[in-house]
Amino acid sequence: MTFINRIDRAAQHSRWLTARLAAHPGLRESLTETIEQPFSAAEMATALEAHLATHADLGIALRRLREAVMARLVVRDINGLADLTEVTGTCTDLAELAVQRGVTQIHAELAALHGEPLDSDGQPQQLMVIGMGKLGGRELNVSSDIDLIFVYPEGGETAGPRRLENHEFFTRLGKRLITLIGEATAEGFVFRVDMRLRPYGEGGPLVSSLAMLEEYFYTQAREWERYAWIKGRVLNGGKTDALEALRRPFVFRKYFDYGAFAAMRDLHAQIRREVVRKDRADNIKLGPGGIREIEFIAQVHQLVRGGRELALQARPTRQVLDLLPGAQLMPQTTVDRLQQSYRFLRTLEHHLQYLDDAQTQELPTRDEDRTRIAEGLGFSDWPAFYAHLATLRDEIAGEFATLFGTETQSEATDHPLDGLCERPEAEALQSLAERGFTDPAASYRQLIALRTSSRYHALPAANQLAVDALLPHLISAASEFANADDTLSRMLTLLDSICRRAPYLRLLSEYPSTLIQIARLCSSSPWAAQYLTRQPHLLDELIDARLLTDPINWAEARIGLEAQLDALAGDTEREMDALRHFKQTQTLRLLALDLAGELQLEILSDRLTELADLLLDITVDRVWRELSRRHCEVPAFAVIAYGKLGGKELGYASDLDLVFLYDDAHPNAQDTYARLAKRLSAWMSAVTPAGILYETDLRLRPDGASGLLVSSVAAYADYQQHQAWTWEHQALTRARFCCGDRAIGQQFEAIREAILALPRDPERLRTEILEMRQKMHDGHPNRSPLFDLKHDPGGLVDCEFAVQYLILAHAGQHPTLLTNCGNIALLARAAEAGLLPMAVAGPAANAYRELRRLQHQVKLQGAETARIPRADVGPLPEAVQRLWQTVFGG
């Protein structure tokens, strides 16, 4: 298509462009020459200077510049040459240039008459023009007004002969700026200016000092103003740091602020009522499934979490949406759909505004305009376009409803269990029994105990009301499960632990469906209930059930975590807390999948191992960055995993057996890496407000607890060759490179294979392993009638020791045994090598798998030891004992 055809096509979809081309014949020639290039900020500045050279009036120059910018933008957008980022960025660049040049010129003119406005130190001050809304987020549309707030640093007066108070100086400046940009003249306008977001709204002063703004934030500002200030951004320099020091804590709370849901729901309801009142259902911004709902979806996460997760303080809507999957707040597929819908709606908004340069988001009613819009967006006709739009809006409205819910507990209609604790006991017991409680008296006593406790009576009145409103819903949620009594008991323990913390009560009130998720966890596992009670911030993860069942994308999750840590760089405690919160969140997701039967135990252990590996890798990197007196930029350092981490059999509460190696000839290497290892262990094990990351056990290093914290690769190899005990070689069978320098990891694997393949006296090896097995048995006596799944004869340890013997005795002749692939796979390899009858190896492998599953189930039930009735174990110990007898005899 030729340049002329493109211009004519754009004119067919824009009466404004048609009129501009008729009024200024030179515009077509200009467009023909420039249509291929976006209108950059630098080109705008140059063009403005050219206009000023011809017309000294800044107002006229800005209006003519706007015409040129918008004409090119219309042509480029309608012809598919400009994407949404270019359109909104170009409009924002124009607004920023207009504000900056206007402030500079008007300030100079006023200062020439009245002198510079000075602060208390005698230094000149500058008006800060704050762009709000889409201007602040660099998302301005093509016919938007601009929301501005004027702030100046502090009171005082000007230094000239005709002195003014600073407040009056900046008020005059602000008024003249509004006229310069917003007044409609024969040349048109630059941008309509809206000042209603300033403190006290239309009835407030036009300008505010920083002190006035701070007082307003903390004494007068309404909740919706936090939402308005999310995108607030200074457009023209000045004391931006001082302003940000006020804005950030006002908008973003240090805690998870679940009250934001109610505030934004209320604001949305007001907008909806206005839409209905004015019959504006076809408004693609404010109507159902419109642009505003997507913005609210992004911004509620910012308000709730932005104080804790600094990356979420970003201003552009699309950037915030892209952060949600990495922060585990929304599935990637959902975000992709929202992004696609947002781009379509914003592009549609621009096409509506191109028609007459009108600030509108209303779908047209005239047939010819409907045809223009449909064809301009690539549809054959209006019905095809409208069907597509309706589908998008339905999807958006559905996501909005999923996130924001409908009514809260406090807004809901009367519940049949309201006031249960105030009813006659017999009536209360009957109500509980009717809902499936097998011991209603015990459940009733626990309810009464909570309501009469000193903790309950010490609560603020609002918290007491919230607890009272939640209790009927807790009872109902618990009654959905067969073990209703236990489920309610565990949920009440959780409620008792969080009742002083209003944000958590607000979350449960805002999201009744969350109680079902809590009940499901509490019903399935006492350990899960305890985990949630210890980490109540995880309640937030239960809002969207989809996030609990979606597969975890570790690469994506890592990007989100590292972005969060980058934002916290230098604040060690908050970095440590972020790591702990990340681990707890991922653990909860795995736990939910586990309890739902969606993960086999082997896969669960793999995922928990991947999580530990990821956290170790990131922690090594963070600790190294902050380590003083480093002699190199990249550490020649590796973490070797032993035990359950090494064998990829990690459980929810497993500690980490670690060994640290380095390969660095620098004279300070030993000291440097010892400090790195010490700090790494502290980062992992230190107790912070968020708990611990992992318990670490470093006793498997050369010479144990008395040995050096880190070993060179050469020293480690020498120790394993000449000094290590047989039990240390047993431990080596399950060791692997975990993270750090991969070259060291390759050296370690070579050392490991060489040591495991050494020739050994089978009888001496048998004797030493049997002695070690007896020591372990003596150290874990079982005097109960129960079967100890791990330590009793025929348990897990017997199977592990048998496999370790086979590796140490035969790996030299059968290298396939050298692979750290788990006991089940190694038993199969031993059988394939002729070291075991398949009739022994197969049942033993199955028994090992089942014993681990039983052990896992027992731990989920909160048991201290993995012991169960012998009748429940069945023939499993016999299969392991046959393996033991085959390997060791006797």
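This write-up is about the structure you can find in this document. (Residues numbered from 1 in each chain as written. Predicted model: local features only at pLDDT ≥ 70, side-chain atom pairs only at ≥ 80, totals over all residues. Heavy atoms only, no water.)

## Brief notes about the overall build of the chain
Thinking step 1. Of regular secondary structure, the chain possesses 40 helices and 12 strands.
Thinking step 2. In terms of overall dimensions, the chain has C-alpha extents of about 105 × 80 × 65 Å along its principal axes.
Thinking step 3. Taking all 890 residues of the chain together, the buried fraction comes to 54%.
Thinking step 4. When contacts within the chain are restricted to residue pairs at least 6 apart in sequence, those whose partners lie at least 24 apart make up 73%.
Thinking step 5. By element, 52% of the accessible surface of the chain is carried by carbon and sulfur atoms, the whole surface being about 36900 Å².
Thinking step 6. In the chain, the 97 positive side-chain charges and the 120 negative ones have mean positions that sit 1 Å from each other. (Helix = DSSP H or I, 4+ residues; strand = E, 2+ residues; numbered from the N terminus. Buried < 20%, exposed > 50% of the residue type's maximum accessible area, 1.4 Å probe, protein only. Contact = heavy atoms within 4.5 Å. Areas by Shrake-Rupley, 256 points an atom, 1.4 Å probe, with all protein chains shown as cover. Lys, Arg positive; Asp, Glu negative; His and termini not counted. Charge placed at Lys NZ, Arg CZ, Asp CG, Glu CD.)

## Topic: empty space enclosed by the protein
Thinking step 1. The final tally for this structure, using the stated rule, is eight cavities of 30 Å³ or more.
Thinking step 2. Taken as a whole, the second largest cavity holds about 80 Å³ of empty space.
Thinking step 3. Taken together, Gly-647, Glu-649, Thr-733, Arg-734, Val-803, Gln-804, Ile-807, Asn-820, Gly-822, Asn-823 and Leu-826 make up the lining of the second largest cavity.
Thinking step 4. Put simply, the parts of the chain that give the lining of the second largest cavity at least two residues each are α36 (796–810) and α37 (823–832).
Thinking step 5. Ranked by the residues each element gives to the lining of the second largest cavity, the list is headed by α36, at three residues.
Thinking step 6. A per-class count over the lining of the second largest cavity returns three nonpolar, six polar and two charged. (1 Å grid on protein atoms, 1.4 Å probe; cavity = no way out; pocket = protein on both sides within 12 Å on 5 of 7 lines; lining within 4 Å. Points joined across faces, edges and corners; volume = space filled by probe spheres on them. Nonpolar A, V, L, I, M, F, W, Y, C, P; charged D, E, K, R; others polar.)

## Observations concerning the pattern of salt bridges
Thinking step 1. Within this structure, the stated rule accounts for 54 salt bridges.
Thinking step 2. The salt bridge partner of Glu-109 is Arg-176, with a shortest N-O separation of 2.3 Å. Here Glu-109, found in helix α6 (residues 84–114), pairs with Arg-176, found in helix α8 (residues 166–182); they are 67 residues apart in sequence, far enough to count as distant.
Thinking step 3. Using a relative accessible area of 31% as the deciding quantity, one classes Glu-109 as partly exposed.
Thinking step 4. Taking the shortest distance from any N to any O, the salt bridge between Glu-244 and Arg-315 comes out at 3.4 Å. Taken together, the residues Glu-244 in helix α11 (residues 240–251) and Arg-315 in the loop between α13 (291–305) and α14 (317–326) connect sequence positions 71 residues apart. Like Glu-244, the residue Arg-315 is buried in the burial classification.
Thinking step 5. Among the charged side chains, a network of salt bridges with common partners joins Arg-15, Asp-356, Arg-366, Glu-368, Asp-369 and Arg-372. (Salt bridge = Lys/Arg side-chain N within 4 Å of Asp/Glu carboxyl O.)

## Brief notes about the layout of surface pockets
Thinking step 1. One number sums up the size of the largest pocket: a volume of about 1600 Å³.
Thinking step 2. For the largest pocket, the lining is made up of 47 residues, of which Lys-644, Asp-655, Asp-657, Arg-734 and Lys-790 are closest to its centre.
Thinking step 3. Every element with two or more residues in the lining of the largest pocket is listed here: α25 (526–534), α29 (601–626), α30 (643–646), α33 (726–732), α35 (762–779), α36 and α38 (838–860).
Thinking step 4. For the lining of the largest pocket, the element with the most residues is α38, which contributes six residues.
Thinking step 5. Here the lining of the largest pocket is composed, by residue class, of 20 nonpolar, 13 polar and 14 charged.

## Quick look at the environment of Arg-318
Thinking step 1. For Arg-318, the position within the fold is in helix α14.
Thinking step 2. Separated by 273 residues in the primary sequence, Arg-318 and Leu-591 have C-alpha atoms spaced 31 Å apart.
Thinking step 3. Those residues in contact with Arg-318 that lie beyond four places of it in its chain are Leu-84, Thr-85, Glu-139, Gln-339, Tyr-342 and Arg-343.

## Structural notes on unusual backbone geometry
Thinking step 1. The phi dihedral of Arg-629 is positive, around 55 degrees, even though this residue is not glycine.
Thinking step 2. Positionally, Arg-629 belongs in the loop between α29 and β6 (637–642).
Thinking step 3. A relative accessible area of 61% means that Arg-629 is categorised as exposed.
Thinking step 4. Even without being glycine, Asp-703 reaches a positive phi, approximately 70 degrees.
Thinking step 5. Here Asp-703 is to be found in the loop between β8 (696–697) and β9 (710–712).

## A short note on the environment of Trp-624
Thinking step 1. Locating Trp-624 in the fold gives a position in helix α29.
Thinking step 2. On a C-alpha basis, the gap between Trp-624 and Leu-180 in space is 54 Å, while along the polypeptide they are 444 residues apart.
Thinking step 3. If sequence neighbours within four positions are ignored, Trp-624 has contacts with Arg-630, Cys-632, Glu-633, Val-634, Pro-635, Thr-672, Tyr-673 and Leu-676.
Thinking step 4. There is a polar contact of 2.8 Å between the side chain of Trp-624 and the backbone oxygen of Glu-633. (Polar contact = N/O pair within 3.5 Å; in protein donor to acceptor, adjacent residues only side chain to side chain.)

## Quick word on the nonpolar core
Thinking step 1. Judged by nonpolar contacts, the single largest core of 218 residues is most densely connected at Leu-348, Phe-385, Ile-518 and Tyr-673.
Thinking step 2. It is α29 that contributes the most residues to this core, 12 residues altogether.
Thinking step 3. Apart from residues lying up to four places away in sequence, Phe-385 is in contact with Phe-344, Leu-348, Leu-363, Ile-373, Ala-374, Leu-377 and Phe-379.
Thinking step 4. Counting residues in each nonpolar core, the second largest holds 57 residues, with Met-70, Leu-94, Val-103 and Tyr-354 among its members. (Core = buried A, V, L, I, M, F, W, Y, C linked by side-chain atoms within 4.5 Å.)

## A look at helix α21 (residues 461–478)
Thinking step 1. The first and last C-alpha atoms of α21 sit 26 Å apart over 18 residues, in line with the 26 Å expected at 1.5 Å per residue.
Thinking step 2. Residue Leu-470 marks the point of greatest curvature in α21, where the axis turns by about 30 degrees; the proline Pro-472 follows within four residues.
Thinking step 3. Taken together, the buried positions of α21 are occupied by Asn-463, Val-467, Leu-470, Leu-471, Pro-472, His-473, Leu-474, Ile-475, Ala-477 and Ala-478.
Thinking step 4. The secondary structure elements touched by the buried residues of α21 are α18 (425–434), α19 (440–452), α20 (454–457), α22 (484–498), α23 (502–510) and α24 (512–524). (Expected span 1.5 Å × (residues − 1). Bend = angle between axes of the 7 residues up to and from the residue.)

These values are about where atoms sit, not about what they do.
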